[in-house]
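Each chain, written out:
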Amino acid sequence: MAFQCQRTLSLFGTRCGLSRPNLAISFAFSTFDMPLDRMDELSEKHNKKQYNREERYVLSELSELLPIRPKTPQHSLFEEEKGTDKRAFDGLLSSEEKLQGVLLQKIKGKNAIQIALTNLDVDLTVGILENVLNRANLNGDLMVSLFNWALKQPNIPNAIHIYHLILKALGRRKYFSFMMEIFQIMQTRGINPNSETLLIVMDSFLRANRVGKAIELFGKLEENGFECDTESLNVLLQCLCHRSHVGTATSFFNSMKGKVPFNDTTYNLIIGGWSKLGRVGEIERWLKAMIEDKLSPSCLTFSHLIEGLGRAGHTDDAILVFDEMVEKGCEPDVNVYNAIISNFISIGDLDNCMKFYEHMLGNSCAPTIDTYKKMILAFLKFRKVADALEMFDEMIERGFVPNMGTITSIIEPLCSYGPPHGALMIYKKTRKLGCKISLKTYKLLLERLSRFGKSGMLLTLWDEMQESGYSSDAEVYEYVISGLCNVGQLDNAVLVTEECLCKGLCPGRVIYSKLNNKLLDANKVERAYKLFLKVKEARLSDNAQRFWRANGWHF
């Protein structure tokens, strides 16, 4: 064996020209007596010359024997990379992702950020701007830079509602210094702030429990282009009472006596704040102060009183107040009826709810969509689905069209218990009316249909969701895969899984394990193994993409 290896090496050396002459053997028959050190020195020199002379020849011979490609110079790779069109991959990203990708790069310099944003191929709209400001993980400086760049775009008007978007986004994230900067430069850009602007800024401070900042802003209204009048005071009191700072609102109200005139709205705000807390004594005290100030209580005032009595557990007293209103000739309006209905809902007395609802219709008092929403949700809370559907039909007959939030709030409890029949009825009726259905509603229905194994309805609803303009995410695919597995349609479940993987999405481990176990139980081992390889590769890619997008490397 050793002899064969040596022979092979010798042949390889001859083929490649790597024969090393042994000087000791060449001079063995010479009469010249050479020292050993000198012989080694000559051997080294001869080897170096031989190597330098035959290096190129050896590499060429090795390239023929072995599958080795000669190395490409490094500079040519960079030149080729520079020549590629980096925008070829922009079609894979939405406009929001492109903007987020640039902003997350942490580019230094405002001008550099403006140039990078301008170089994007993005058709910016108000909706895209709002989504980036609210959803992207940006600091205050980047949000302001994006906003200033957006104002230069043709589709973004220099209007007050655009400034309200940035003020809400900055205030929600507690970037108060940047929020006040935008608030103060509005007038220099030709935008006059209104009461809604003041409401947004003050509510942002109070949401973060910075009551002193909100009151300090009220003291500097004239510096910001406002007047210290009743309307501005009502805005501050509304924000304070909405955020349950009723005691502070009361103290500030007392401090402004004689400085700003009060109206019935001012008193109703304070009374409404105490009614939410169920403080009946404070409500009665402020009601007397309102009468002493020669202001007559309105139906809104009595609705706050009835609501406060109900929150304090005095439902009988609330009914006495209602009867006293009727006896004195003060016809209750829809606010009063809604308050008394809410009181009965809180104690679970649905019979009296229907009694006062019929009383309202008998007095020619038209209910609002808020009335129907309260009663429908109350019926669903106590699992009276038939009554809820009947009330929903009556709402539709009266011409009330529910919005997206109302539809979601009705379908959500229907999808928490029982079969999905009631939820599908609400969905079909609202879709027939042309109502916009939210993605959350579609997901709730898909999950419920998947659990009950309604594969036909599931696939139909999935098609309708895509027709509505919603793209399927990993959660939607999981519901479809799970529903197909529940009815034994494993081949279709595998096809849906492969479609999910082709879109760059990866199903969750629980759903994949469910499908894999079903395939193995059906003795489809080969198909399960092929799917396993695809899911394994997709999961690695999905983890990498999440890391890239979190750091803005996807652009």
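Rules behind the numbers
- Residues numbered from 1 in each chain as written.
- Predicted model: local features only at pLDDT ≥ 70, side-chain atom pairs only at ≥ 80, totals over all residues.
- Heavy atoms only, no water.
- Helix = DSSP H or I, 4+ residues; strand = E, 2+ residues; numbered from the N terminus.
- Buried < 20%, exposed > 50% of the residue type's maximum accessible area, 1.4 Å probe, protein only.
- Contact = heavy atoms within 4.5 Å.
- Areas by Shrake-Rupley, 256 points an atom, 1.4 Å probe, with all protein chains shown as cover.
- Core = buried A, V, L, I, M, F, W, Y, C linked by side-chain atoms within 4.5 Å.
- Expected span 1.5 Å × (residues − 1).
- Axes fitted to C-alpha atoms, helices over the stretch in contact; angles between N-to-C directions.
- Parallel < 35°, antiparallel > 145°, perpendicular 65-115°, else oblique.
- Left-handed = near helix turned anticlockwise from the far one by under 90°.
- Nonpolar A, V, L, I, M, F, W, Y, C, P; charged D, E, K, R; others polar.
- Phe/Tyr/Trp six-rings, centres within 6.5 Å; stacked < 30°, edge-to-face > 60°.
- Lys NZ or Arg CZ within 6 Å of the ring centre and 35° of its normal.
- Salt bridge = Lys/Arg side-chain N within 4 Å of Asp/Glu carboxyl O.
- Polar contact = N/O pair within 3.5 Å; in protein donor to acceptor, adjacent residues only side chain to side chain.
- Arc of directions from axis to C-beta.
- Disulfide = S-S within 2.5 Å.

For the protein chain, the helix and strand inventory stands at 30 helices and 0 strands. A buried classification covers 41% of the 555 residues belonging to the protein chain. Considering only residue pairs separated by 6 or more positions, the protein chain has 65% of its internal contacts joining residues 24 or more positions apart. For the protein chain, the accessible area works out to roughly 31,900 Å², and carbon and sulfur atoms hold 53% of it.

Take the environment of I182 next. Tracing the backbone shows I182 in helix α10 (residues 176-185). The contact partners of I182, leaving out residues within four places of it in the chain, are V144, F147, Y163, I166, L167 and L170.

Turning our eyes to something else, we now look at the nonpolar core. Core analysis: the biggest nonpolar cluster contains 153 residues, and L117, L124 and L515 have the highest contact counts within it. Here the element with the most residues in this core is helix α19 (residues 334-346); it accounts for 8 residues. Apart from residues lying up to four places away in sequence, L515 is in contact with I481, C485, L490, A493, V494, T497 and L531.

Between its terminal C-alpha atoms helix α25 (residues 439-451) stretches 18 Å, which fits the 18 Å expected from 13 residues at 1.5 Å a residue. When α25 is considered as a whole, its buried residues turn out to be T441, Y442, K443, L444, L445, L446, R448, L449 and S450. Residues of α25 that are buried make contact with α23 (404-414), α24 (421-432), α26 (455-467) and α27 (474-486). Looking one or two residues past α25, G453 carries a phi angle of roughly 70°, positive in sign.

Attention now moves to unusual backbone geometry. The backbone of S244 sits at a positive phi, close to 65°, despite the residue not being glycine. With respect to the element layout, S244 can be found in the loop between α13 (230-242) and α14 (246-255). Despite not being glycine, N523 has its phi angle at roughly 65°, a positive value. Counting through the fold element by element, N523 comes out in the loop between α29 (509-521) and α30 (525-551).

Attention now goes to the packing of helix α18 (residues 315-327) against α19. It is at 10 Å that the axes of α18 and α19 come closest, and there the two elements cross at 160°. Here α19 runs roughly antiparallel to α18, going by the angle between their axes. In this structure, α18 meets α19 at a crossing whose hand is left-handed. Where α18 abuts α19, its residues T315, A318, I319, F322 and M325 lie against V336, Y337, I340, N343 and F344. Within the contact of α18 with α19, the residues separate by chemical class into 8 nonpolar, 2 polar and no charged.

How two aromatic rings sit relative to each other is given by the distance of their centres and the angle of their planes. On inspection of all chains with the given rule, the structure shows 19 aromatic pairs. When the ring of Y357 is compared with that of Y372, the centres are 5.9 Å apart and the planes differ by 70°; the resulting orientation is edge-to-face. Here Y357 is found in helix α20 (residues 350-362), whereas its partner Y372 is found in helix α21 (residues 369-381), with 15 residues between them in sequence. Taking relative accessible area as the criterion, Y372 reaches 0% and is therefore assigned buried. One aromatic cluster is present, built from ring pairs that chain together F253, F262, Y267 and W286. Here the basic side chain of R383 rests over the ring of Y417, its NZ or CZ set 4.4 Å away from the ring centre.

Pairs can form between side chains of opposite charge whenever their charged atoms are close. Tallied over the full model, the rule gives 19 salt bridges. The partner of K328 in a salt bridge is E324, with the nearest N and O atoms 3.1 Å apart. Among the residues examined, K328 registers a relative accessible area of 66% and is labelled exposed. For E324, a relative accessible area of 39% translates into the label partly exposed. For K440, the salt bridge goes to E412, with nearest N and O atoms at 3.7 Å. Of this pair, K440 sits in helix α25 while E412 is found in helix α23, placing the two residues 28 residues apart along the sequence. Overall, the relative accessible area of 37% leaves E412 in the partly exposed class. A single network of salt bridges, built from pairs that share partners, joins D203, R207 and R243.

What follows covers the packing of α13 against helix α15 (residues 264-277). Packed helices, taken two at a time, are described by their axes: the angle between them and the distance between them. Axis separation between α13 and α15 bottoms out at 9 Å; the angle between their running directions is 5°. What the angle tells us is that α13 and α15 run roughly parallel. Contacts from T230, N234, L237, Q238, C241 and H242 of α13 reach α15 at T265, T266, L269, I270, G273 and K276. Per-class residue counts for the contact of α13 with α15 are 4 nonpolar, 7 polar and 1 charged.

Right, let's get into the side chain of E282. Along the chain, E282 falls in helix α16 (residues 280-292). A distance of 2.8 Å separates polar atoms of two side chains, one belonging to E282 and the other to R285.

Now for helix α6 (residues 110-118). Count 3.6 residues to each turn of an α-helix, and residues three or four apart come out pointing the same way. Burial in α6 covers these residues: I113, Q114, A116 and L117. Summarising the axial view, the buried residues of α6 lie within an arc of 165°, below the 170-degree limit, and thus occupy one face. In this structure, α6 carries N111, I115 and T118 as exposed residues pointing more than 90 degrees from its buried face. Looking at the buried residues of α6, the elements they touch are α5 (95-103) and α8 (140-150).

Mapped onto the fold, C299 is located in helix α17 (residues 299-311). Note: C-alpha distance between C299 and M325 (26 residues apart in sequence) is 9.1 Å. C299 has contacts with M325, C330, E331, P332, D333 and V336, leaving out every residue within four places of it along the chain.

A word on the state of the cysteines. Considering all chains together, one arrives at 0 disulfides under this definition. Of all cysteine sulfurs, the one in C239 lies closest to C241, which takes part in no disulfide; the gap is 9.6 Å. C330 carries a free sulfur, and the closest cysteine sulfur to it, the one in C299, is 4.1 Å from it.

Purely spatial values, then, with no claim about function.
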